[in-house]
Each structure stands twice: as structure tokens, then as C-alpha cells.
Amino acid sequence: MDSASEQLKQAEIDEYDQLVKKIEPKPPVVKNCIWAFVVGGLICAFGQLLINFLMSNGLNQSDAGSGTSVILIFLATLFTGLGLYDELGKYAGAGSIVPITGFANAIVASAMEFRREGYIFGVGARIFSVAGPTLVFGFTVAVLVGLLKIIFTS
Amino acid sequence: MNSLFMAFLVGGAFCIIGQLIMDLTKPAITPGHILVGYITIGAILSGLGIYQPIVDFAGAGATVPLSGFGHLLTQGTITAVQQKGLLGALSGGVEAAAAGITAAIVFGYLAAVLFNPRG
Amino acid sequence: MSKKQGQQTIVFTSPPLISSWASLVGPKEGQGPWGEDFDQVLDDYLYDEQTWEKAESKMLREAVKQAISKRYYQPSEIELLISGDLLNQIVSANYAARELSIPFLGMYGACSTMAESMLTAAMAVDGGFFSRVVAAVSSHHYTAERQFRTPIEQGVQKSATSQWTATAAGAVLLEAVPGGNPRITSATIGQVIDMGQSDAANMGSAMAPAAVKTIKAHFDDLNRSPDYYDLIVTGDLGKVGMALAQELFIKEGLLPQPNYSDCGVLLYNDRQDVNSGGSGCGSSAAMLCGPLLKKMSEGKINKLLLVATGALMSPTTSFQGETIPSIAHAVALENI
């Protein structure tokens, strides 16, 4: 294709893109943000309640934090299994994705989805389809920080 | 009571940021990107010493969002590096986050065995 | 004499008769505005099977069986089955054909497969190669969702531009017999059009230009005015794509404004939480093999142009940042 017709094609594509942007409905950002704030905030406040409760029962801060994560993950797993977490996610958006419950939801949803493909290469393999990348990046950055720490403190 | 309110406020704010990123970059940033992005940025901010002050101030408002999980990985690594050196850089993060990761995997597997996706 | 007219259109010299048709839909489609017009509404998405994939294949098989049994044929009396669906390697169609023992041609045109299958079947009949051919397609919300999008139970917000893959199967039986209506009189084969859209959650925008281009070609090739048809329906542009198509009609100078709608918009009512509308092969198949052909047989619609639209991407190409190529095929159905 010569450059003139390529330019014409590009102009047509740009013009169409403008039309699409004009017509497609915009996400209701304010409403979404309010939902995200309230639901995400409540999940975190509930987490704080658990931390306070565990610490008042004699756990140290770090164990109370781990315990809280485990309880939140358990609840997210349960609600995902019962088919309720995705209903919450329709409204809460990032409010139910950003907390650790969203991470658990991604793991459980991926695992449940592939049950019919078998327990080893269905569930076992697919369980990490969303959570895998998350752990890869988390681990890698943590190791890099550790290496930098070694370099700069020695 | 005050700690609950701070957790609500700061945790909610973390979620608003995530919502804005998704809504304003549609369709480039998906929920999967948000999960990866939060853990990565949490780990980096933690390494820079910025995340711990937020945790001191907001408690679960900063530890429950996935960025708090990144923070946990980084802090575990730093502590282990101080004790064991190079080996600690590889082992510390996962040790600190072991309970959460194992819980997510095992619960996830059990849920897949017990429940069917209902749609 | 060539049966091709203009650039892209074929005109059938002995238009094949659509002698029977059948549609099976899922519970959600059954609760929509046309629930009464489908042959069968399923109670659940598994249809007494172990997996959603098996359920979809069974829906397709049953649609074919019901269409041929309405004319008291046995499957062995059908000479050719032309069929496809949305899944990788068109497994729903392949597995349905395994049970049916009818010579089989598999088709893939994404959501445009109903029109693609029908026009191929009509060519086979009008060409004199076969006298009884079935064209059939299916789609299933949960099989498509897990192949193309996120896990069902993951809590994600759906964009207002996103569409709901219809759970539906439709089949038409074409016969080379004199007398009777409706008949397939002509068809326009679309080109693959890519206007640079890449949002897999906004397929209506990707497909609208392909639909309008095919409709324009149809009218140009046949020297027809848009008001020739009582109704022009696109397959699954949804509300967003339909609004875009109407803008493009004006831009392309398609006047007078055709009496136009979209199967994806028609299939559900506003309270059904489907965002922009329905999608999938089943969207056009269910509307055609349910309410539309019924209205044609009652004489309420006499000239119908079905323009099924397909977005030809895969999750792999989406991850690689490719834009979405789209296609649309038009099939003209007339009472003559």
C-alpha cells in the first residue's frame, strides 16, 4: 500500500475512534469510587477489628496481621464458593479487588472454573492464572530490594 | 475505635485510587493489572521506607490492601537479609508471607473441590 | 449466467426454501421479551450434562433434530450439515455432528456464523449439489465467558459497553422444493474490516463498520434502496454498536434511513443486566429461528435482511495488542 492511501486509512481510523469515544457510555466514575471507597474501607476496618481482637488475645502484631490475612482469605474463599463475591464485585469494583480478599477471590475463581478439567491440570494448574503474575512480581521486587540492601549496607 | 476509622478511611482511599486507575484507563488496566500493580508498588514503597509510616498510621487500612502484602514480602526480605545475608534475600519474603499464600492456595483448592461455579 | 451480481453479492436463481427452523435458548433468554417464540427454553445452563461445553453441544444437536423432525425427516435423510460455534476448534459443532451422522462442514465466523452457514447452505442448494441442507449454530454464555474473558466467579465490574454472550442454538432447514415461503433470495459476503478498535469489552464498536460496509455493498450491488426491506437486523452490535451503525448509515448516505434493529438489543429487556446487549452466534440465531422467522411465516415481515456480525479476535491476539478484525455477512430472506 502506498503512503497516501495509508494516511487516508489512518485518518479514517482516527475519525472512527473519535465517533466511538463520543458514543460509548462512560463509566460512572463518581458512583464507582463511592462504592469502592465504602466497600474497600469496610473490608479494611473489619481487618482492623480482627487485628485488635487477636492482639487483645495475646498475639503479637506480626502474628495478628498474618491471622487476619488468613481469616479474610477464608471468608473471601467462602463467599466466592457460594457465588456471592462476584455479585459484590459488580458494584464494588476496586473496593473488592484491592483488599487481600480480591487476591483470594482471583485464586478461588480461577481454581473453581477448571474443576471439570480435572484436579491436577485443571484446578492445580489454573489456580495461578491470575494470582501467579501477582506473586511473580511481588517476589521479584522483594528479592531485588533485599539485594540492594546487601549492596548498600556493605 | 479510632483505629477502625483510620483503617476505613485509608483502606477506602487505596480502593478509590484503584477504581480511578481502572475507570480512567479503560480498557488498558484490568483487575489482574491492579493486583499485580498494587503488590509491586507496595513492595517498592516498602523498600524506599515509605510504606511503614502508612502502616503505623492506618493499620489494617494499609496492610489489608494488596500493597500491604508487597510490604510484608519486602520487610520479610530485609529482616532476613540482616540475619542471613544473601540467602535471606531469597527466603525472607516468602517466609513472612507464608501464611497468607498457603491459605489462599489451600482454601482455593478446597473451594474448587467443594463448589461448582454457578454463574 | 453468473449468479454473482456486483462486487460481493450472489443472487439465487432458484431461491432455497427455509422449510423449517428451531431454536433452543437458556433461562435468561427465555425471560426476555421473546420467551414465547422459542421452541424450547432450558431450565438451567447445564441441560442435564456434566459440563457447559457438553450442554452447548447438546443444544446445537437438539436444535438440528427439532428442525428436521418438524418436516418428519430422519437425520439420515439430511444431506449436509453446515455448522459452527464460538469455541476453540468449533467443538460444539464437531461434537454435535458426531452424534448426528450427517455429512458435515464446520464453519467459523465468530458471531457471524449463522449468516455464513446459511449463505453457504443456500449456495449448496441453489447450485444443485444438495436438496436438503441444515445450517445451525450455537453459543453458550458460560463456555464463551471462560474462553474469552475472566473466570465466572471473579468479582469484576462489567463495562457498560460489554455484551452478554447469548445461550442459544438455532437451526434452519433449507430445501430445494417449489412452493412455500420464506426463501433465501440473495446474500452478500463481507470483507474483513478493521477500524483499529482493540477493546474486547466493546465489540459492538469493532463490528459496526463491517456491518455497515456489508449493508452498503448489498444495496449497491443489487441497486436496491434501503426501504426495500421491511426490516434490517444486525447480529450482535448491542446498543453501542447499533448507535454507531446508525451514525455510519448517515455517513455512507444510506437513505432513506432503513428500518433497522439489532438482535443483541432485541433479545433482552432493559432490566436483564446485559449492559450493551446480547452477543454470540446464538444472538442472531435465536432471534431468527424464534420471533423473526415466525413473523415471516405469519406475513408480518415479508422482506428481511439478516446481517450477522463477527469479531474475529482471540484472547491470544488481544494479549498481543492486536486490534479486532470484524466481518459481517448479509442474507436476504423474502416471502415471494
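In the block above lies the structure referred to throughout.
Read on for an overview of the structure.

Scoring rules and cut-offs
Residues numbered from 1 in each chain as written. Chains lettered and ligands numbered in written order. Predicted model: local features only at pLDDT ≥ 70, side-chain atom pairs only at ≥ 80, totals over all residues. Heavy atoms only, no water. Disulfide = S-S within 2.5 Å. 1 Å grid on protein atoms, 1.4 Å probe; cavity = no way out; pocket = protein on both sides within 12 Å on 5 of 7 lines; lining within 4 Å. Points joined across faces, edges and corners; volume = space filled by probe spheres on them. Helix = DSSP H or I, 4+ residues; strand = E, 2+ residues; numbered from the N terminus. Nonpolar A, V, L, I, M, F, W, Y, C, P; charged D, E, K, R; others polar. Polar contact = N/O pair within 3.5 Å; in protein donor to acceptor, adjacent residues only side chain to side chain. Contact = heavy atoms within 4.5 Å. Buried < 20%, exposed > 50% of the residue type's maximum accessible area, 1.4 Å probe, protein only. Pairing = 2+ DSSP bridges. Right-handed = clockwise from strand over helix to strand, strands pointing away. Patch = residues over 30% accessible without salt bridge, like charges linked within 9 Å, V, L, I, M, F, W, Y side chains within 5 Å. Areas by Shrake-Rupley, 256 points an atom, 1.4 Å probe, with all protein chains shown as cover. Salt bridge = Lys/Arg side-chain N within 4 Å of Asp/Glu carboxyl O. Buried area = accessible area lost by both parts, 1.4 Å probe. Expected span 1.5 Å × (residues − 1). Axes fitted to C-alpha atoms, helices over the stretch in contact; angles between N-to-C directions. Parallel < 35°, antiparallel > 145°, perpendicular 65-115°, else oblique. Left-handed = near helix turned anticlockwise from the far one by under 90°.

In a disulfide, the sulfur atoms of two cysteines are held together by a covalent bond. Applying the stated criterion across every chain, the model contains zero disulfides over all chains. There is no disulfide at C44(A), and the cysteine sulfur nearest it, in C15(B), is 5.7 Å away. C281(C) takes part in no disulfide bond, and the closest cysteine sulfur, belonging to C111(C), lies 5.6 Å away.

Now for the layout of surface pockets. One simple way to see leftover space: roll a probe sized like a water molecule over the atoms. What the second largest pocket holds in volume is close to 690 Å³. Contributing to the lining of the second largest pocket are 32 residues, with Q61(A), S62(A), G65(A), T63(B) and L72(B) lying nearest its centre. Listed by contribution, the elements that provide at least two residues to the lining of the second largest pocket are α2 (29-56) and α3 (61-81) of chain A together with α1 (2-25), α3 (51-58), α4 (60-63), α5 (66-84) and α6 (86-114) of chain B. Here the lining of the second largest pocket takes eight residues from α3(A), the largest share from any one element. Residue classes in the lining of the second largest pocket are distributed as 15 nonpolar, 15 polar and two charged.

Once that is clear, we can look at the side chain of S159(C). Of note, S159(C) is situated in the loop between α5 (141-148) and β8 (163-165). Side-chain polar atoms of S159(C) contact the side chain of T161(C), separated by 2.7 Å. Not counting residues within four places of it along the chain, the set of residues in contact with S159(C) comprises K26(B), A201(C) and N275(C).

All names here are of chain C. Neither face of strand β11 (residues 231-234) is left uncovered, since the one carrying L231 and V233 and the one carrying I232 and T234 both have all their residues buried. Sheet topology places β11 next to strand β14 (residues 303-311); four bridges connect them, and they run parallel. Looking at the pairing, T234 lines up with V307 of β14. In this sheet, strand β12 (residues 260-262) lies alongside β11 in parallel orientation, the contact comprising three bridges. Pairing of T234 across the sheet is with D262, part of β12. Handedness of the crossover joining β11 and β12 through helix α7 (residues 238-251): right-handed.

It is worth spelling out a nonpolar patch on the surface at this point. On the surface, Y119(A), I120(A), F121(A), V106(B), L110(B), V113(B) and L114(B) cluster together to form a nonpolar patch covering roughly 730 Å² of accessible area. Within the residue set of the nonpolar patch, elements represented by two or more residues are α6 (119-126) of chain A together with α6 of chain B. Looking at the nonpolar patch, the element that brings in the most residues is α6(B), giving four residues. By secondary structure assignment, the location of V113(B) is in helix α6.

Let's shift gears to the interface of chain B and chain A. Interface size is often expressed as the accessible area that is lost when the parts come together. Taken residue by residue, the interface counts 67 residues in chain B and 66 residues in chain A. In this assembly, chain B packs against chain A so that about 5400 Å² is buried in total across both faces, 80% of it on carbon and sulfur atoms. For chain B, the biggest contributors to the area lost against chain A are F8(B), L35(B) and V64(B); these three give 11% of the whole. Counting every contact that joins chain B to chain A gives zero salt bridges.

Glancing now at α2(A). With 28 residues, α2(A) should cover 40 Å at 1.5 Å per step; its first-to-last C-alpha distance of 40 Å lies within 8% of that length. Directly beyond the C-terminal end of α2(A), a positive phi value near 100 degrees is found at G58(A).

In this section: the packing of α6(A) against α6(B). Packing of α6(A) against α6(B) brings their axes to within 10 Å, and their N-to-C directions diverge by 135 degrees. Between α6(A) and α6(B), the angle falls in the class oblique. Along this stretch, α6(A) crosses α6(B), giving a crossing that reads as right-handed. In this structure, α6(A) contributes Y119(A), V123(A) and G124(A) to the contact, and α6(B) contributes Y109(B), A112(B) and V113(B). Across the contact of α6(A) with α6(B), the residue classes tally to five nonpolar, one polar and no charged.

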